[in-house]
Amino acid sequence: MNAPTSLVGRNAELGRIAAAFTRAREGSGGTILLDGEAGIGKSRLAREAAESSDGSVLSAAAVDGSPPYGPIAEALRTWTRLGHDSFPADAPLRPHLALLLPELGDPAESSDKATIFEAVRCALAYISEKGPAILLLDDLQWSDETTLELLAALAPHLDEMPVLAILAYRSDGLARDHRLRWLRNELRRGGLLDEISLEPLDRDRVAGLLAGLLGESPSPALVATVHDRTMGSPFFVEELVTALRVRGALQGGERGVELADQEDVPVPDSIREAVLIGLSHLSDPAREAAEITAIAGPQVDLRAIEDLVDSEGLAELLRAGLLEETAPGTATFRHALAQEALYAEASWTRRRQTHRGLAETLESAGAPSSEVAAHWLGAGETARARPALSRAIAESEELHAHRDAVRAARLALELWQDDEAEDLRLETLERYGRCAQLAGELGEAAKAWREAAARWDRTGDQVGHARAQRQLASVLELSGERDSAFAARRMAAEAFAEAGEVTEASVVHLAMADHRHRGAHYSEALELTELAACEAEAAGRIDIGARALGLRGVVEAKGGDSDRGLRSVNRALAIALEHELTPVAAELYQRMSMVLYDGADYRQAEEALDTALDLCRADGEAGTELACVTCLVYVLRERGEWRRAGELGRELIEAGRAVWVAEGLLGAIQAFQGKLSSARRMLTSARATAASVGHYNMYMDSTTGLAHVAAAEGHDDEATGYCRELLGRWEKSEDHHYAVWGIRWSASHMARLGDREGANACAEALGRMASEGGHADALAALAQAIGELALLEGDEGAAAEHFSRAVELHRSLAIPFERVQIELRAGSVLAAAGEREAGLERLYDAYRTASKLGARPLAAAAAREVADLGESVAQRLGKRAAAASSDEVALTRRELEVLRHVSVGKTNREIAQELFLSQRTVDMHVRNLLGKLECRSRVEASHRAGELGLLN
């Protein structure tokens, strides 16, 4: 083998990497994508650049079949191999990092992708505190998809660390749908793409490389022959020189080293031929060890092959430089092309025997299941590969690596025979369905759940059949196939009923009734609510019975009998309040508002709401009345009746009753209106009390409100912290109502920041809510979350489809503020996807509803979106919208002067003296200021002015 030569012809590329590392050393790291065809010298360039720096080098290479996070985990392990102490016991998120590095100790009992990504970021931050570092990941064309998603998420954070990531991959033969293309797009969109594409060496550079390899100048004829044969591939040049030397085909000439006899000594035509010729001088044990090692893969666990190879032969390979020991017990081929050439040369019998031995060894050693499965497949033993693939799917799902799970599941299912391992196939199908849905592959998810349902049915397991049909219904709803979703729910309900699962049957029948009600099939909806109520009574489930009665009231009102409908909802509400079923009561108040506002004019609706409140008070129990009032405030807020909600809420506060609940509900309204200072104060108070008394609903609600406030103030990290808290708290509950709007908002917020793992965790949570509860709000929220994920992946067409579906699902819910948020996102996404007019229509609807609500920030945002599309805001939305889109408050110069004096606590009299005005004039200016700022007090006006930047 040739000894490594100095790098030839890559000075410009080395200089770019050195400059990037200089910036990293100064605290501003980054990411470099290094690409080129096989053998072009990517690995060599990256290693030389890294080794010439003064930073710690964390290196790893992906291999075909890498488990989730495989390359990044191996790179982090090099930290301790460099002689550093391991990550300390009190390191942030260490138990979550232990999911990737078991040697760190006990892993976290539960985690999510967002937290794992954050744990890796914290690990890199810890390393970078000790000095600058280079994260070198090679051969990423073979990487698992989750690692690529992690790298995209890490890239913005590296900009603030002394860490340079060099990511190398083969560009030739890269599939059009490979996630590396998505990674490049993500980095480009974030302004983080620094790309180095290596080109083949020209003839002069080949001459320089030959001179280094030969130790003397090559003749022009030799240069021409080598350049033409190798097409400028440095690796091929090196292997070709070795092959020619082995054959004795080189000799000195007048013009330098030349071919001895071009007629008698053929020059190898391919890299494979050159590699094999170059190894011909090795002993038989070494050649046999090279073949077996190549079958093991580009990166070899020497302990796994110690019983398969001759130790002396292996040692000879290491001495010859074909293998390099990169870590204790681990060796890597000097170049992947050499491994590929040897693998292709091995006989099928040799491959099969070696793969089988490696699979058995790795399986007994507890290696990642994806690696074990790859060797069982290489051995041609599909029956043993399937359980390993099933374990790999489960391992990926546990790490929230859904795309990797989908890929493994698809491969496993392709291997199955119909009559084999039915239980394992069913488990694999269900995992495939869950992960495909969360990855946004709804067609694949539906196909998986259909097959699972059919197979459960054939086995006679009605519960399994019912659950699969219910999951299928959720996927079909997201796909817009409402009739098919209804049919799937019908089959689920029938199967649950046959299995004696009456409670589950009643929940599904209730979802079916809601579906028919939304489709205006009222008679069928009534039948289904009656059926759900009977089943709920048989199961002793008062909560489901009350929900069914409330929905029945809505259907009765929609059918033309508003009075009867209102009585039904009132009876249901009384049941919920009597049994302190707060989430059910909240749902029923929403049902009541639908009856009232759909069945009468506004004044009659107001009177009916007062009647409903009187009904609560007539109970005589103070607790019941208070629950009634607070629930009503909540519903009025959701329905967009913010003035009435504010009146009732302030009455509670002034009376000193349920102050913290009222503050939480009104604080959210203040946030929606853009009054951020007062909103933060109220929400913080409500959240603290909710936490101390263990009130889940208000804790979730006020936390969501604070996330909204933080984002509006530009504190994205604070908002993200609240989002993660919402996810963590929901995970420990059985709630399918109060958490929906918060997690939906969190999905959008995290996606806006490029936090795809956080957005994915939100989608997972919403997926569970949608499949188990079947509520339209959860389905709409899930559709939006999947749309956000599609948008992050650059698939604007799919994103537009999902957002449109979210709007359609949410339209029947009569929750206007949330609908505005969804329509606003849908409008911008539709426009980006080329559906300009449809996008503008969504933006117009969002602006109109936001203006009617008094949600000034959302109205202004809609107006700005229209302006960004090059449209005249004044023509499209009106002059008021044009003013709103500037997000400015029009104050005169004198009003600004008065406002600045007000903000420092001066009285009107003091201001008058300071500005040489009459006190009456100052009084007038202060009244105008309060009106324009929509504030009730001087203190509130000062806070609002600060938020708007009017005091600068």
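Quick note: structure is the one above.
Residues numbered from 1 in each chain as written. Predicted model: local features only at pLDDT ≥ 70, side-chain atom pairs only at ≥ 80, totals over all residues. Heavy atoms only, no water.

Digging into the nonpolar core
Which entries qualify depends on this criterion: As used here, the term nonpolar core means buried Ala, Val, Leu, Ile, Met, Phe, Trp, Tyr and Cys residues forming a set that is joined through side-chain atoms within 4.5 Å. The buried label goes to any residue with under 20% of its type's maximum accessible area, the exposed label to any with over 50%, and the partly exposed label to all in between, with areas taken from a 1.4 Å probe on protein chains only. Put simply, DSSP marks the helices as runs of H or I at least four residues long and the strands as runs of E at least two long, and each gets a number from the N terminus on. Throughout, a contact is declared for two residues whenever any of their heavy atoms are within 4.5 Å.
Counting residues in hydrophobic clusters, the biggest one holds 142 residues, and the most contacted among them are Leu317 and Ile743. Broken down by element, this core gets its largest block of residues, 12 residues, from helix H38 (residues 776-792). Leu317 has contacts with Leu282, Ala286, Ala289, Ala290, Thr293, Leu322 and Leu323, leaving out every residue within four places of it along the chain. One finds Ala546, Leu648, Phe817 and Tyr847 within the second-largest nonpolar core, a separate group that totals 54 residues.

Some details on the side chain of Arg637
Applicable threshold: Contacts described as polar in this section are N or O atom pairs within 3.5 Å, which, within protein, must combine one atom able to donate a hydrogen with one able to accept it, while residues neighboring in sequence count only if both atoms come from side chains.
With respect to the secondary-structure elements, Arg637 resides in helix H30 (residues 622-639). On the basis of relative accessibility, which here comes to 1%, the residue Arg637 falls in the buried class. Engagement of the side chain of Arg637 in a polar contact is seen with the side chain of Glu638, the distance being 3.1 Å. A polar atom in the side chain of Arg637 sits 2.7 Å from the side chain of Asp701.

A word on the state of the cysteines
Our working rule: Note on terminology: pairs of cysteine sulfur atoms within 2.5 Å are recorded as disulfides.
Counted according to the given criterion, the structure contains 0 disulfides. Unpaired in terms of disulfides, Cys723 finds its nearest cysteine sulfur in Cys762, a separation of 6.4 Å.

Points about the packing of H38 against helix H40 (residues 816-832)
What counts here: Lines fitted to C-alpha atoms define the axes, with helix axes restricted to the stretch in contact, and inter-axis angles between N-to-C directions lie between 0 and 180 degrees. For classification purposes, angles smaller than 35 degrees are called roughly parallel, those larger than 145 roughly antiparallel, those between 65 and 115 roughly perpendicular, and all remaining angles oblique. For a crossing to be left-handed, the near helix must be turned anticlockwise from the far one by less than a right angle; the clockwise case is right-handed. Each residue is assigned to one class: nonpolar for Ala, Val, Leu, Ile, Met, Phe, Trp, Tyr, Cys and Pro, charged for Asp, Glu, Lys and Arg, and polar for all the others, Gly among them.
Where H38 contacts H40, the axes come no closer than 12 Å and their chain directions differ by 30 degrees. Judged by the inter-axis angle, H38 sits roughly parallel to H40. Crossing geometry of H38 relative to H40 is assigned as left-handed. Together, Gln784, Glu788 and Leu791 of H38 and Ile822, Arg825 and Val829 of H40 make up the contact between the two elements. Per-class residue counts for the contact of H38 with H40 are 3 nonpolar, 1 polar and 2 charged.

Things to note about the packing of aromatic side chains
Pairs of aromatic rings are described using the distance from one ring centre to the other and the angle between the two planes. Just so we agree on the cut-off: The aromatic pairing rule takes the rings of Phe, Tyr and Trp, using the six-membered ring of Trp, and pairs them if the centres are within 6.5 Å, calling planes under 30 degrees apart stacked, those over 60 edge-to-face and the rest tilted. Note on geometry: a ring has a charge over it if NZ (lysine) or CZ (arginine) is within 6 Å of the ring centre and within 35 degrees of the ring normal.
This structure, assessed with the given rule, holds 6 aromatic pairs. Ring centres of Phe672 and Trp741 lie 6.0 Å apart, and the angle between their planes is 85 degrees; this geometry places the pair in the edge-to-face category. Note that Phe672 is positioned in helix H32 (residues 659-673) and Trp741 in helix H36 (residues 740-752), a separation of 69 residues in sequence. An aromatic cluster of at least three residues, connected via ring pairs, comprises Trp642, Phe672, Trp741 and Phe817. Against the face of Trp182 rests Arg179, its NZ or CZ located 4.1 Å from the ring centre. The ring of Tyr699 carries the charged tip of Arg729 above its face, separated from the ring centre by 4.2 Å.

Brief notes about the sheet that holds strand S8 (residues 299-301)
Inclusion rule: Any two strands between which DSSP finds at least two bridges are classified as paired.
Strand order in this open sheet of 3 strands is S8-S10-S9, and the pairing throughout is antiparallel. Edge positions in the sheet fall to S8 and strand S9 (323-327), since each of these pairs with one other strand and no more. Strand-to-strand, the axes of this sheet are offset by a mean angle of 35 degrees, without reference to chain direction. Bridge analysis of S9 against strand S10 (residues 330-333) gives 4 bridges, and the strand direction is antiparallel. From the neighbouring strand, Ala327 faces S10, where its bridge partner is Thr330.

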